[in-house]
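Results of the structural survey
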Amino acid sequence: MRGTVDGFSHGLVTPVAAYLVACLGAALGLRCVTRSLRGRGAARPAWSALGALAIGTGVWTMHFIAMTGFRVAETPVGHDRSVTFASLAVAIVMTGVGTLVVGHRGATAMSLVTGGTITGLGIATMHYLGMAGVRLEGRLEYHTLTVALSVVVAVVAATSALWAAVSARGVLPGLAACLVMGVAVAGMHYTGMAAVSVHLHGAAGPAGDAGPDGSLLVPMLVGPAVFLVVAALLMAAGPLPATDGRQRRRPERRGVRRPWAPARRGGAHREPAGRPPVRPPRGRERSRDR
């Protein structure tokens, strides 16, 4: 028996909210990647780690906000806790590896392709691992070509977002990179959900020990949402990534005295470089000796 699937049971509320959260996580993560490129020493891995947390948390939160609108008319839908939190770990680790490649290798073609591919695959892996945690009286089946298309959407959009984040300068290009990354996450999710079909096991029944939809997801989403908001406020209060708080100083050449610089005290007088010392004529020296 085929179940009646509805991915928009709350209308446009869940898609819009999910997309905005994905853009917020992308804005924080991509800005951290930019700071990692311009940072020095221990600051670079710290910015990369924060970027991985921001992007991974944003991807994971977006997925489960969208899943609050997922319904099957014939059976309640629940979620397994262990698989759900495992998908969060996968999202953070894989997006962290992808941003780390770009943050340490720079904006080269190879690093962007590698980092974008790993980040896109991390988004797709998180999605399908999270879907593996869905509990209902039936089984989920996927259309192979649509699944492949969802992975391609995630990889291409993630690569484009990383390229825009590290190559472009200014507010508008940075905003465009965040919107593109949001498209990567949301587009991958809804393309993957279009591949889902549900086959029920007989009559409708309870969804096991996972609990009804919303009893786990809504409280679980509060923590990541608070993290993203606090991280956004901290990033907004910090220095711009173009300078990272460092002032560029013009190097001074050694040995060249500026006209406004005072002479050194206690030192012997030195003739200007390139001129021979001035000596009195020999005739005057002899007359003085006599």
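A few points on the structure.

In this section: the overall build of the chain. For the chain, the helix and strand inventory stands at eight helices and six strands. Counting the 290 residues in the chain, one finds 40% classified as buried. Partitioning the intrachain contacts of the chain with sequence separation of at least 6 by distance along the chain shows that 88% fall at a separation of at least 24.

This part covers the environment of Arg35. Inspection of the secondary structure assignment puts Arg35 in helix 1 (residues 13–38). For the pair formed by Arg35 and Ser48, sequence separation is 13 residues and the distance between their alpha carbons is 8.4 Å.

What follows is about the packing of helix 4 (residues 109–132) against helix 6 (residues 171–194). At a minimum axis separation of 10 Å, helix 4 and helix 6 run at an interaxial angle of 40°. Crossing of helix 4 over helix 6 shows right-handed handedness. In this structure, helix 4 uses Ile123, Ala124, His127, Tyr128 and Met131 to contact helix 6, whose residues at the interface are Met181, Val185, Met188, His189, Gly192 and Met193. Of the residues that constitute the contact of helix 4 with helix 6, the class distribution is eight nonpolar, three polar and no charged.

Attention shifts here to the environment of Leu24. Here Leu24 is to be found in helix 1. Put simply, Leu24 and Leu228 are 204 residues apart on the chain and 7.3 Å apart in space, counted from C-alpha to C-alpha.

The next subject is the side chain of Thr146. If you trace the backbone, Thr146 turns up in helix 5 (residues 144–167). Judged by its relative accessible area of 18%, Thr146 falls in the buried class. A distance of 3.0 Å separates polar atoms of two side chains, one belonging to Thr146 and the other to His143. Once you skip the residues sitting within four places of it in the chain, Thr146 turns out to touch Thr191, Ala194 and Ala195.

This next bit is on the nonpolar core. The biggest cluster of nonpolar side chains holds 50 residues, and the ones touching the most others in it are Leu30, Met62, Met67, Val72 and Met181. Where this core is concerned, the elements lending two or more residues are helix 1, helix 2 (43–67), helix 3 (81–105), helix 4, helix 5, helix 6 and strand 6 (196–200). No other element matches the nine residues that helix 2 contributes to this core. Not counting chain neighbours up to four residues away, the residues in contact with Met181 comprise Ala26, Leu30, Ile123, Ala158 and Ala161.

Rules of the game
- Residues numbered from 1 in each chain as written.
- Predicted model: local features only at pLDDT ≥ 70, side-chain atom pairs only at ≥ 80, totals over all residues.
- Heavy atoms only, no water.
- Helix = DSSP H or I, 4+ residues; strand = E, 2+ residues; numbered from the N terminus.
- Buried < 20%, exposed > 50% of the residue type's maximum accessible area, 1.4 Å probe, protein only.
- Contact = heavy atoms within 4.5 Å.
- Axes fitted to C-alpha atoms, helices over the stretch in contact; angles between N-to-C directions.
- Left-handed = near helix turned anticlockwise from the far one by under 90°.
- Nonpolar A, V, L, I, M, F, W, Y, C, P; charged D, E, K, R; others polar.
- Polar contact = N/O pair within 3.5 Å; in protein donor to acceptor, adjacent residues only side chain to side chain.
- Core = buried A, V, L, I, M, F, W, Y, C linked by side-chain atoms within 4.5 Å.

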